[in-house]
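# Coordinate analysis (summary)
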Amino acid sequence: MGCCGSTESKREWKPLEEHSCTDIPWLIIFTLFCIGMACICGYPIATGGAARLVFGYDSYGNTCGKNNTKIEGVPLSGRDMTENKFVFFLDPCNLDLINRKIKSIALCVSKCPSTELMTYFDLKQFALNNGSNLCTYDLTPTRYTSSSEKSTKCPKLPVPPSKSVLLFRRCIPTDISCYTQFAKAFMTFVSDNTVLQRVISGVMASKEIIIGLCILALVLSLIMMVVIRYISQLLVWILTVLVIIGSTGGTGVLWWFYVDHRKALNSNTTSVFGKEVASDNVKALMKYIHVVLLLVMFFMRKRVALTISLFHVAGKVFIHLPLLVLQPFWTFLCLILFWIYWIGVLLFLGTTGTPVKNNSTGVVGYEMPGPLQFLVWYHVVGLIWISEFILAFQQMTIAGAVVTYYFTRNKSQIPATPIISSMARTIRYHLGTLAKGSFIITLVKIPRLILTYIHSQLKGKENACARCMVKACVCCLWCLEKCLAYLNQNAYTATAINSTSFCTSAREAFLILVENALRVAAINTVGDFVLFLGKILIVSCTAFAGVLALNYQRDYTVWVLPLLIVCVFAFLVAHCFLSVFENVVDVLFLCFAVDTKYNDGSPGREYYMDKALMEFVENSKKMGWKKPDDGDGREMKPMVS
């Protein structure tokens, strides 16, 4: 099961020729873990916690809409609430912003007041006419106007009109002015109330324009994924020009330093030793920096050409596999559904356990016994592991589809639905590999999140050394997580190519990446910069269109917030789509590295690569590039569909 203890023998690289199940023990472990997550969901359902959350419960432990059992020490518990199906709060506007709850006595009532009740006599008439008692159970409606305890046992006057929301049996005030505390908390960030009103009115008045601009950002992102292969060379030249300008500027600064030190050398303000040291420093900087820049530009020129070729082929991939652009949508949808389920179960757990009475307030709450509190931590680990598993499934699906495209010599023979075929192969053979890879990321992410929480708690404390150490650990774990995520992605690609286990694939992919370290550096620097420019281009075009559209909207004058919303959405959309493009480029590079390592273009060992990459290889051979030796002369056979 472990990487160090892996007994799988090293296999020949035979792209998609043999399929076998990988990392079965980890699939079993992940399946058992998911069963545990389902059991955690079943526990609050079986013990009544889910019913208390769905149907609601009062401050005395009675579940609304059900016949309840008596709770020892709570006189008002154990009541038959079959007819009282709604939760009513005596003071619904008393909000605890810190703990995010309503600080009020809750009762089960049969009907929510639909009109405002101004006096206790109105409360009495409402109870007698509708059979819905809005005061505590020990106070009968006939005593509403005469009881000395009416100020504490009856709702705060005036009672705002309220209604229940579908599937949420709580009496929610219909007048949103009830929740002015939230507005006051937000207003602290705005000194002028009129400014806030103008900004909000601007957003509401421009909602159609905002929707239109968001659709424009989506269309521009789709277009960019196809045309970036045509403009990648231009963007790389832009990067080269920026490097030249930067180096020229640096050289100018150094020359200015040199002239300044020459003046100091000719004056008497500096000692002889200091003059010599200053002059030597400047000369050394001028010489060595120029040498380093020249060497970097010389050795990276061919790698930059490879990056351009990979971008060109990646554009072709999206033409042949257009459904790749939908992967972010499906992944996002799966994540949203899982997160909704996870939050729902977490809320269920919050209302599960044994009833505990607060002696100071008399309110009944529910607490899980100590040994069962580990369920919450288990649930948190499940959030991270399953989320990472869903993201890994997307990476494996993309890798499988791109591998199918690359290692199919005749592109007309590509399967009709390569994306679905890749998903089917992943589900049938490689779920265990995804479980193992995502678990490794989880092992690093959990301590990083814990340390991040500790660091946030140490803010404002006197121990600055401890905060610095925690922050350093968080940064190290973050770097480790990014490195492992990159290695995992390449391991998934190797698994898609050769159908090997996670550890074998990670080892083989790592060795290939090390052999092509300079190429990897070029792709991860130049390629990332090109994609960054693509994101900036999408955001800039969307923002320009937004300025033109909003400038002719005369209903308001403040359109900064609508434009900011559009720009943020445009960047997120561009990031999602171009991240898929980046994944495709990484997969293509590993396929190319395997292809060039085990094939040389001779009969029986023909290349699989695209024409653009073939031209790069031929040009590299003319410039004296030597193909890495494969050692044993192994042959890669054509893919079997």
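Data block above holds the structure.
What comes next is a walk through the structure. (Residues numbered from 1 in each chain as written. Predicted model: local features only at pLDDT ≥ 70, side-chain atom pairs only at ≥ 80, totals over all residues. Heavy atoms only, no water.)

## Quick notes on the overall build of the protein
Rules: For the purposes of this entry, the term helix denotes a DSSP run of H or I that reaches at least four residues, the term strand denotes a run of E that reaches at least two, and both are numbered from the N terminus. The cut-offs for exposure are 20% and 50% of the maximum accessible area for each residue type, with area from a 1.4 Å probe on protein chains only; residues under the lower value are buried, those over the upper are exposed, and the others partly exposed. The contact definition used throughout considers only heavy atoms, calling two residues in contact when any of these lie within 4.5 Å. Accessible areas in this description were obtained via Shrake-Rupley with a 1.4 Å probe; residue shielding takes into account the shown protein chains only.
Looking only at helices and strands, the protein has 17 helices and eight strands in total. Split into buried and exposed, the 641 residues of the protein put 43% on the buried side. Nonlocal contacts in the protein, meaning residues at least 24 apart in sequence, comprise 72% of its contacts between residues at least 6 apart. Counting only carbon and sulfur atoms, one obtains 67% of the accessible surface of the protein, whose full area is about 33600 Å².

## Things to note about the nonpolar core
Selection rule: Here, nonpolar core means buried Ala, Val, Leu, Ile, Met, Phe, Trp, Tyr and Cys residues that are tied together by side-chain atoms lying within 4.5 Å of each other.
Among the nonpolar cores identified, the biggest contains 70 residues, and Leu324, Tyr406, Phe581, Val584 and Leu588 are the most heavily contacted of them. A per-element tally of this core places helix H10 (residues 374–406) first, with 14 residues. The residues touching leucine 324, leaving out its near neighbours within four places in the chain, are Val317, Phe318, Ile398, Ala401, Val402, Ile419, Val580 and Val584. By size, the runner-up hydrophobic cluster in this structure holds 30 residues, among which are Leu76, Val87, Leu134 and Tyr137.

## Here we look at the state of the cysteines
Defined as follows: Criterion for a disulfide: a pair of cysteine sulfur atoms within 2.5 Å.
Under the criterion given, the structure shown has three disulfides. At a sulfur-sulfur separation of 2.0 Å, the disulfide partner of cysteine 64 is cysteine 108. Between cysteine 64 and cysteine 108 the disulfide shows an S-S torsion of about -85 degrees. By sign, it is left-handed. Separated by 44 residues along the polypeptide, cysteine 64 in the loop between helix H2 (49–55) and strand E1 (86–89) and cysteine 108 in strand E4 (residues 106–109) bring together distant segments of the chain. One exposure class covers both cysteine 64 and cysteine 108, and it is buried. A sulfur-sulfur separation of 2.0 Å characterises the disulfide bridge that pairs cysteine 135 with cysteine 154. Sign of the S-S torsion, about 110 degrees for the bond between cysteine 135 and cysteine 154, identifies this disulfide as right-handed. A residue pair is termed long-range when its members are at least 10 positions apart, and cysteine 135 in the loop between helix H3 (120–130) and helix H4 (150–153) and cysteine 154 in the loop between H4 and strand E5 (162–165) qualify at 19 residues.

## Examining the pattern of salt bridges
Heads up, the condition is: Think of a salt bridge as a Lys or Arg side-chain nitrogen and an Asp or Glu carboxyl oxygen that are within 4 Å of each other.
Applying the stated criterion across every chain yields a total of six salt bridges. In this structure, the salt-bridge partner of arginine 448 is glutamate 481, at a minimum N-O distance of 2.7 Å. Placement of arginine 448 in helix H12 (residues 431–457) and of glutamate 481 in helix H13 (residues 464–498) is noted, with a sequence separation of 33 residues between them. Note on arginine 448: relative accessible area 15%, which makes it buried.

## As for helix H1 (residues 24–47)
Keep this limit in mind: The span expected for a helix works out to 1.5 Å for each residue beyond the first.
Look at H1: 35 Å from first C-alpha to last across 24 residues, which is about the 34 Å you get at 1.5 Å a residue. Trailing H1 by a residue or two, glycine 48 shows a phi angle of about 95 degrees, which is positive.

## Structural notes on the packing of H10 against helix H11 (residues 418–429)
In helix packing, the relevant descriptors are the interaxial angle and the interaxial distance, both defined with respect to the helix axes. Here is the rule we go by: Between N-to-C directions, angles span 0 to 180 degrees; the directions come from axes that are lines fitted to C-alpha atoms, helices contributing only their stretch in contact. For classification purposes, an angle smaller than 35 degrees is called roughly parallel, one larger than 145 roughly antiparallel, one from 65 to 115 roughly perpendicular, and anything else oblique. Crossings are assigned a handedness: left-handed for a near helix turned anticlockwise from the far helix by less than a right angle, right-handed for a clockwise turn.
Between H10 and H11, the shortest axis-to-axis distance is 8 Å and the interhelical angle comes to 125 degrees. Here H11 runs oblique to H10, going by the angle between their axes. Considering only the axes of H10 and H11, their crossing is right-handed. For the pair formed by H10 and H11, the contact residues are Phe393, Met396, Thr397, Gly400, Ala401 and Thr404 on the first element and Pro418, Ile419, Ser422, Met423, Arg425, Thr426 and Ile427 on the second.

## A few points about the pairing of E4
Rule in force here: When DSSP finds two or more bridges between a pair of strands, those strands are recorded as paired.
In E4, alternate side chains face the same way, and those of Ala106 and Cys108 on one face and Leu107 and Val109 on the other are all buried. Sheet topology places E1 next to E4; four bridges connect them, and they run antiparallel. Note on E4: the bridge partner recorded for phenylalanine 89 is alanine 106.

## Let's talk about the side chain of histidine 379
As for its placement among the helices and strands, histidine 379 is situated in helix H10. A relative accessible area of 0% means that histidine 379 is categorised as buried.

## Some thoughts on the packing of H1 against helix H9 (residues 327–350)
As a reminder, the rule being used: Under this grouping Gly is polar, as are all residues other than the nonpolar Ala, Val, Leu, Ile, Met, Phe, Trp, Tyr, Cys and Pro and the charged Asp, Glu, Lys and Arg.
Orientation of H1 relative to H9, taken along the N-to-C sense of each, is 45 degrees, at an axis distance of 9 Å. On the basis of their axis angle, the class for H1 and H9 is oblique. Along this stretch, H1 crosses H9, giving a crossing that reads as left-handed. Across from Met37, Ala38, Ile40, Cys41 and Pro44 in H1, the residues of H9 making contact are Tyr341, Trp342, Val345, Phe348 and Leu349. For the contact of H1 with H9, the per-class residue count stands at ten nonpolar, no polar and no charged.

## A word on unusual backbone geometry
With an omega dihedral of -10 degrees, the bond running from leucine 157 to proline 158 counts as a cis peptide bond. Take proline 158: it is sitting in the loop between H4 and E5. With a phi angle near 55 degrees, serine 499 is a residue other than glycine that sits in the positive phi range. Tracing the sequence through the fold places serine 499 in the loop between H13 and helix H14 (502–515).

## A word on the packing of aromatic side chains
Our working rule: Only centres within 6.5 Å qualify two rings of Phe, Tyr or Trp (six-membered ring in Trp) as a pair; their planes then separate them into stacked at under 30 degrees, edge-to-face at over 60, and tilted for everything else. Here, a charge over a ring is recorded when the distance from Lys NZ or Arg CZ to the ring centre is within 6 Å and its angle to the ring normal is within 35 degrees.
Throughout the structure, instances matching the rule amount to 14 aromatic pairs. On the numbers, 4.4 Å between centres and 20 degrees between planes, the contact of phenylalanine 30 with phenylalanine 389 is stacked. Here phenylalanine 30 is found in helix H1, whereas its partner phenylalanine 389 is found in helix H10, with 359 residues between them in sequence. The pair formed by phenylalanine 30 and phenylalanine 389 is uniform in burial state, with each residue classed as buried. For the ring pair tryptophan 385 and phenylalanine 439, a centre distance of 4.9 Å and an interplane angle of 55 degrees mean the geometry is tilted. Taken together, the positions of tryptophan 385 in helix H10 and phenylalanine 439 in helix H12 put the pair 54 residues apart, joining distant regions of the chain. Here the aromatic residues Trp26, Phe30, Phe33, Tyr378, Trp385, Phe389 and Phe439 are joined through ring pairs into a cluster of three or more. Geometry around tyrosine 366 places arginine 52 over its ring, the cationic atom sitting 3.9 Å from the centre.

That's the geometry; what it means functionally is another story.
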